[in-house]
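Spelled out, the chains give:
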Amino acid sequence: MRRGLLIVPMLLAAVPMSGLATGPTTEPVDTVTVLGDLLPNVVADSGVPVRIPDTLPIDATLENLFATGAGRRRGYDFGIAGAPDCGGANACTYGYLSARLGARLGDRPNVTLTGGIRGVFRPLSCGASCSPPAVLWRQGGVRYEIQLKAVPGNRRQFIRLANSAITAGPR
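Residues numbered from 1 in each chain as written. Predicted model: local features only at pLDDT ≥ 70, side-chain atom pairs only at ≥ 80, totals over all residues. Heavy atoms only, no water.

Turning our attention to unusual backbone geometry. In the Ramachandran plot, D85 falls in the positive-phi region, its phi being about 55 degrees despite a non-glycine side chain. Within the secondary structure layout, D85 lies in the loop between β4 (75-81) and β5 (93-101). For D85, a relative accessible area of 82% puts it in the exposed group. (Helix = DSSP H or I, 4+ residues; strand = E, 2+ residues; numbered from the N terminus. Buried < 20%, exposed > 50% of the residue type's maximum accessible area, 1.4 Å probe, protein only.)

Written out as structure tokens, the structure is:
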């Protein structure tokens, strides 16, 4: 048993940390710029209003960010990664912005957002794998979610992100 405990730290020490999200950046990146040409296509294809925060606290430069996205009749998904063709892999994914018409929050509301909207903050949780922190809220029958591993689970930071998406209005 003791041998296993010694191996894990050695393996973790061997993983290069460059390019991974390690904490909030001092210069947030502009969300519209990160999403680029995907944004108007997703807005056109989505059957729900697209609500995204003005900026994202991701510890990377715009040149090192790659976005994916798709809109559909009942929602949309954006993925933001640190490598092209990341495919949602944990090592290169920074986060997700998504919406689903008719979806429930899934948890009891524990935060109050702009306009008195009740939402859910989910801190980083780890079991067999880790789920990044997230904020979810319902607005106009749509559940919106912002999930970022680049933010170290700070509740206030996630409330600011959701409030930014709410006050920016549909894109």
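Per the counting criterion, the structure on display carries 1 disulfide. A sulfur-sulfur distance of 1.9 Å marks the disulfide that ties C86 to C92. Residues C86 and C92 share a disulfide whose torsion about the S-S bond is about 95 degrees; that sign makes it right-handed. (Disulfide = S-S within 2.5 Å.)

Right, let's get into the nonpolar core. I58, F78, I80 and W137 are the most contacted members of the largest nonpolar core, which has 34 residues in total. Contributions of two or more residues to this core are made by α2 (31-35), α3 (38-45), β4, β5, β10 (134-139), β11 (142-148) and α4 (155-168). (Core = buried A, V, L, I, M, F, W, Y, C linked by side-chain atoms within 4.5 Å.)

Time to look at the side chain of S98. Relative to the elements of secondary structure, S98 occurs in strand β5. Not counting chain neighbours up to four residues away, the residues in contact with S98 comprise Y76, D77, R143, Y144 and E145. (Contact = heavy atoms within 4.5 Å.)

Turning to the pattern of salt bridges, a few remarks are in order. The final tally for this structure, using the stated rule, is 4 salt bridges. Note that D54 and R171 form a salt bridge whose closest N and O atoms lie 2.8 Å from each other. Here the residue D54 occupies a position in the loop between α3 and β2 (55-56), and R171 occupies one in the segment after α4, the gap between them amounting to 117 residues. Overall, the relative accessible area of 38% leaves D54 in the partly exposed class. When its relative accessible area of 30% is taken as the criterion, R171 is described as partly exposed. Taking the shortest distance from any N to any O, the salt bridge between D77 and R72 comes out at 2.0 Å. The exposure class assigned to D77 is partly exposed, which follows from its relative accessible area of 25%. In this structure R72 comes out as partly exposed when scored by relative accessible area, which is 35%. Each of R72, D77 and R100 takes part in salt bridges that share partners, so that together they form one network. (Salt bridge = Lys/Arg side-chain N within 4 Å of Asp/Glu carboxyl O.)

A few words on the pairing of β10. In terms of burial, β10 is largely enclosed, as 5 of its 6 residues are buried. Examined bridge by bridge, strand β7 (residues 118-122) and β10 share 4 bridges and lie antiparallel to one another. Paired with V120 across the strands is L136, a residue of β10. Where β10 and β11 come together, 6 bridges link them in antiparallel fashion. By the bridge assignment, V135 is partnered in β11 with I146. A loop of 2 residues connects β10 with β11, the two strands running antiparallel in sequence, and G140 in this loop sits at a positive phi of about 60 degrees. (Pairing = 2+ DSSP bridges.)

Let us look at the environment of E63. Mapped onto the elements of the fold, E63 is located in the loop between β2 and β3 (66-72). What makes E63 exposed here is its relative accessible area of 63%. Separated by 19 residues in sequence, E63 and G82 place their C-alpha atoms 9.3 Å apart.

Looking now at the pairing of β5. In the sheet, β4 pairs with β5 via 7 bridges, with the strands oriented antiparallel. The partner of Y76 across the bridge, within β5, is A99. Looking at chain direction, β5 and β11 are connected through 7 bridges and run antiparallel. From the neighbouring strand, A99 faces β11, where its bridge partner is Y144.

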